[in-house]
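# A look at the structure
So the chains spell out like this:
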Amino acid sequence: MTAKQEATPDLKSVKSADKKEKDYGKYFQAPSLKDAKKRGKEEISVHYDFAIPEEMKEIGKGHHYLIRTFGCQMNEHDTETMAGILEAMGYTATEDELEASVVLFNTCAIREGAEDKVFGELGHMKRIKRNNPNLILGLCGCMSQEEKVVSRVLKTYDQVDMIFGTHNIHRLPVLLRDAMFSKEIVVEVWSKEGDIIENMPKTRTGDTKAWVNIMYGCDKFCTYCIVPYTRGKERSRLPEDVIAEVRELARQGFKEVMLLGQNVNAYGKDIEGRKYGLGDLMDELRKIDIPRIRFTTSHPRDFDDHLIEVLAKRGNLVEQIHLPVQSGSSEVLKKMARKYTREHYMELVRKIKAAIPDVSLTTDIIVGFPGETEEQFLETLSLFKEVEYDSAYTFMYSPREGTPAAVMADSVPEEVKKSRLHRLMEVQNEISLKKHQEMLGQTYELLVESESRKNSEVLIGRTRTGKLVHVKADNSLIGKLVHVTITDAKTFTLYGELVTKVEV
Ligand code: SAH
Ligand code: SF4
Ligand code: F3S
């Protein structure tokens, strides 16, 4: 990877999937999942020259923007970047769609349910757009990388003024200008491996916790997953850029950083001429004066011993690891192309627990993958009992068009998927409750985040292991680190009593 000073990324590989239907003119570059799947040998460029065009710098003055976010933390962080760009153009944020001049839907394609939600909300925008024809409504995020979505929007949702992809965020000012001055819908989705754009402005939500991208894209191509198609090739930010960003956040008084990537354990593998991995990065970030550093998401296959060694040094590296397993059956894992077995995973868990005995492990699981038998599902249940996760995100398999699993035989009936999900959650809830009860009477460091929505006298914070604790305290403690003793434990919540403030 090299650093280049180049304004316009190469567009050679971009094709317009649906152009035949209608000529949308110069503003039309539609996605192609097939092109997105290619992993070329070209070098990834890092750009440090993002700038808002002169004529767009004041265009938002006196106007408001609203961004609705539907996806994962990466998606939420992209929203922070788009908010930063819009604010650099003079726009101010609003929560009221009737007041907004620009509304962006930052979408997620991971499951059908996520997409249905977006289409529902788009429908609702029709009336708002009718009452405010000057409103610019944009669709971005992972759904815009899918040709079936783009063609459905073109056919049925004429309230949409622009569609842009996950690789086109830095083009927002230009696309907004085109949308304002064009009668046609503006579509710009690049189905390419992707670049790294370093210096885009960001408006972060809150001043306590911050997200920091360490890498983009995914090359794992798990057979059920759309992300490698919507987010491009695995590409790491240079360590010096990540370290500089975390240092700056520490200087600004942030208390916690969450490092982001779809597969953070592959960090650094694409950086040419250096042998540098996530363990090396964490070992450097450890020295920065910020109380907590987390990362997500880990892939069990690339999780190496050096990283475990570094995490065991603790300090600001918290003892929590999100380690998605997806299934407890080696056969299912093979069909998912996860490229590890149950045994490999269990060995990794054993090593992590030996190095960090009080570690909190969480996971993601898919039930009802094509062909999953009752026996194979029971292996997932038994893995849950063996590992004893602190919590788990459980999903029913949802076919994603264009992925290999979508055409696999033996789809599992909906009722069976539902019942497996339910059985799994019952097992997990019992484990979660037991783990919470073990915390009774013990004292933990808590980063206080906010008031409880139900009771303003109660604050909510998280332990280093990421567990939510409710505590009665003055709201001047929001954003501070305190100590609490756990007094009550339920399946999903802990209650504590304030002991001391760790620092001001
Ligand atoms: N990069 C992360 C996952 C990102 S998606 C990782 O590899 O762990 C978050 C979770 O959504 C996945 O872990 C998986 O459990 C779930 N998921 C992905 N595709 C899915 C699909 N087609 N159906 C149901 N769940 C899915
Ligand atoms: Fe999807 Fe697998 Fe990549 Fe995670 S590692 S984003 S599940 S393809
Ligand atoms: Fe969804 Fe895209 Fe994230 S599909 S989960 S928003 S990477």
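Conventions and cut-offs
Residues numbered from 1 in each chain as written. Chains lettered and ligands numbered in written order. Predicted model: local features only at pLDDT ≥ 70, side-chain atom pairs only at ≥ 80, totals over all residues. Heavy atoms only, no water. Axes fitted to C-alpha atoms, helices over the stretch in contact; angles between N-to-C directions. Helix = DSSP H or I, 4+ residues; strand = E, 2+ residues; numbered from the N terminus. Parallel < 35°, antiparallel > 145°, perpendicular 65-115°, else oblique. Left-handed = near helix turned anticlockwise from the far one by under 90°. Contact = heavy atoms within 4.5 Å. Nonpolar A, V, L, I, M, F, W, Y, C, P; charged D, E, K, R; others polar. Domains from an automatic or database assignment. Buried area = accessible area lost by both parts, 1.4 Å probe. Core = buried A, V, L, I, M, F, W, Y, C linked by side-chain atoms within 4.5 Å. Buried < 20%, exposed > 50% of the residue type's maximum accessible area, 1.4 Å probe, protein only. Pairing = 2+ DSSP bridges. Phe/Tyr/Trp six-rings, centres within 6.5 Å; stacked < 30°, edge-to-face > 60°. Polar contact = N/O pair within 3.5 Å; in protein donor to acceptor, adjacent residues only side chain to side chain. Near = heavy atom within 4 Å. Areas by Shrake-Rupley, 256 points an atom, 1.4 Å probe, with all protein chains shown as cover.

## Things to note about the packing of helix α7 (residues 239–251) against helix α8 (residues 278–285)
Running from N to C, α7 and α8 cross one another at 30°; their axes reach a closest spacing of 11 Å. When the interaxial angle is binned, α7 and α8 end up roughly parallel. Along this stretch, α7 crosses α8, giving a crossing that reads as right-handed. Where α7 abuts α8, its residues Pro239, Val242, Ile243 and Val246 lie against Leu281, Glu284 and Leu285. Residues that form the contact of α7 with α8 fall into these classes: six nonpolar, no polar and one charged.

## A look at the domain arrangement of the protein
Domain annotation for the protein reports domain 1 (11–188), domain 2 (206–318), domain 3 (346–438) and domain 4 (443–501). Computed from C-alpha atoms alone, the centre-to-centre distance between domain 1 and domain 2 is 27 Å. In this assembly, 24 residues from domain 1 lie in contact with 25 residues from domain 2. Together domain 1 and domain 2 conceal approximately 2,200 Å² of surface at their shared face, both sides included; 59% is due to carbon and sulfur atoms. Contact with domain 2 buries surface across domain 1, with Arg39, Gln73 and Met74 losing the most and accounting together for 30% of the total.

## Quick word on the nonpolar core
Within the largest apolar cluster, 68 residues are counted, with the highest numbers of intra-cluster contacts made by Leu259, Met282 and Tyr345. For this core, the domains that each give at least three residues are domain 2 (206–318) and domain 3 (346–438). Apart from the residues lying within four places of it in its own chain, the contact partners of Tyr345 are Pro300, Leu323, Pro324, Val325, Tyr340, Thr363, Leu383, Val387 and Tyr389. Phe119, Cys142, Val150 and Ile163 belong to the second largest nonpolar core, which has 35 residues in total.

## Structural notes on the pairing of strand β6 (residues 102–107)
Successive side chains on a regular strand alternate, one facing one side of the sheet and the next facing the other. Counting buried positions along β6 gives six out of six residues, so the element sits mostly inside the fold. Burial along β6 is two-sided: Val102, Leu104 and Asn106 and Val103, Phe105 and Thr107, pointing in opposite directions, are all buried. Here strand β4 (residues 64–69) pairs with β6 via five bridges, running parallel. By the bridge assignment, Arg68 is partnered in β6 with Phe105.

## Focus on the packing of helix α3 (residues 112–131) against helix α4 (residues 147–156)
It is the contact of α3 with α4, at a shortest axis distance of 13 Å, that shows an interaxial angle of 20°. Considering the angle they form, α3 stands roughly parallel to α4. Judged by the twist between their axes, the crossing of α3 over α4 is right-handed. In contact with Glu115, Phe119 and Leu122 of α3, α4 contributes Lys148, Val149, Arg152 and Val153. Considering only residue class, the contact of α3 with α4 consists of four nonpolar, no polar and three charged.

## Re the packing of aromatic side chains
Applying the stated rule across the entire model yields eight aromatic pairs. Look at Phe369 and Tyr397: their rings are 5.5 Å apart centre to centre, the planes differ by 70°, and that puts the pair in the edge-to-face class. With Phe369 in the loop between β17 (360–367) and α12 (374–387) and Tyr397 in the loop between β18 (391–396) and α13 (414–438), this pair connects stretches of sequence that are 28 residues apart. For the pair formed by Phe369 and Tyr397, the shared burial category is buried.

## Overview of unusual backbone geometry
Residues other than glycine predominantly adopt negative phi, and peptide bonds predominantly adopt the trans conformation. The peptide bond linking Thr296 to Thr297 adopts the cis configuration, its omega dihedral lying at 5°. With respect to the secondary-structure elements, Thr297 resides in the loop between β15 (292–296) and α9 (305–311). Even without being a glycine, Ala337 presents a positive backbone phi close to 60°. One can find Ala337 in the loop between α10 (330–336) and α11 (342–355).

## Looking at the side chain of Ser191
Tracing the backbone through its elements, the reader meets Ser191 in the loop between β9 (186–188) and β10 (196–197). Residue Ser191 is classed as buried on the basis of its relative accessible area, which comes to 3%. Reaching out from Ser191, the side chain makes a polar contact with the backbone nitrogen of Ser32 at a distance of 2.8 Å.

## A look at the site of ligand 1
Taken together, 15 residues lie around ligand 1, and Tyr224, Gln262, Gln326, Asp364 and Ser398 are the ones closest in. Residue Tyr224 places a main-chain N or O atom 3.0 Å away from a nitrogen atom belonging to ligand 1. Ser398 has a polar backbone atom sitting 2.8 Å from a nitrogen atom of ligand 1. In the complex, 90% of the free accessible area of ligand 1, which totals 540 Å², lies under the protein chains. Taken together, the elements giving at least two residues each to the shell around ligand 1 come down to β17 and β18. Across the shell around ligand 1, the residue classes break down as seven nonpolar, four polar and four charged. Both domain 2 (206–318) and domain 3 (346–438) contribute no fewer than three residues apiece to the shell around ligand 1.

## Some remarks on the environment of Leu281
Summarising the element assignment, Leu281 is placed in helix α8. On the basis of relative accessibility, which here comes to 0%, the residue Leu281 falls in the buried class. Sequence separation between Leu281 and Leu238 is 43 residues, and the spatial gap between their C-alpha atoms is 10.0 Å. Not counting chain neighbours up to four residues away, the residues in contact with Leu281 comprise Ile214, Pro239, Val242, Ile243, Tyr267 and Tyr276.

## A few points about the sheet that holds strand β11 (residues 209–213)
Reading across from one edge, β11-β14-β15 is the order of the three strands in this open sheet, with parallel pairing throughout. Looking at strand neighbours, the two that pair on one side only are β11 and β15, the edges of this open sheet. Between one strand axis and the next, the sheet turns by 25° as a mean value, whatever way the strands run. Sheet topology places strand β14 (residues 256–260) next to β15; five bridges connect them, and they run parallel. By the bridge assignment for β15, Glu256 is matched with Arg292. Each of β11, β14 and β15 is contacted by helix α2 (residues 73–88), which is oriented at about 100° to β11, the strand it contacts most. Sitting on the sheet, α7 is in contact with β11 and β14, with an inclination near 170° to β11.

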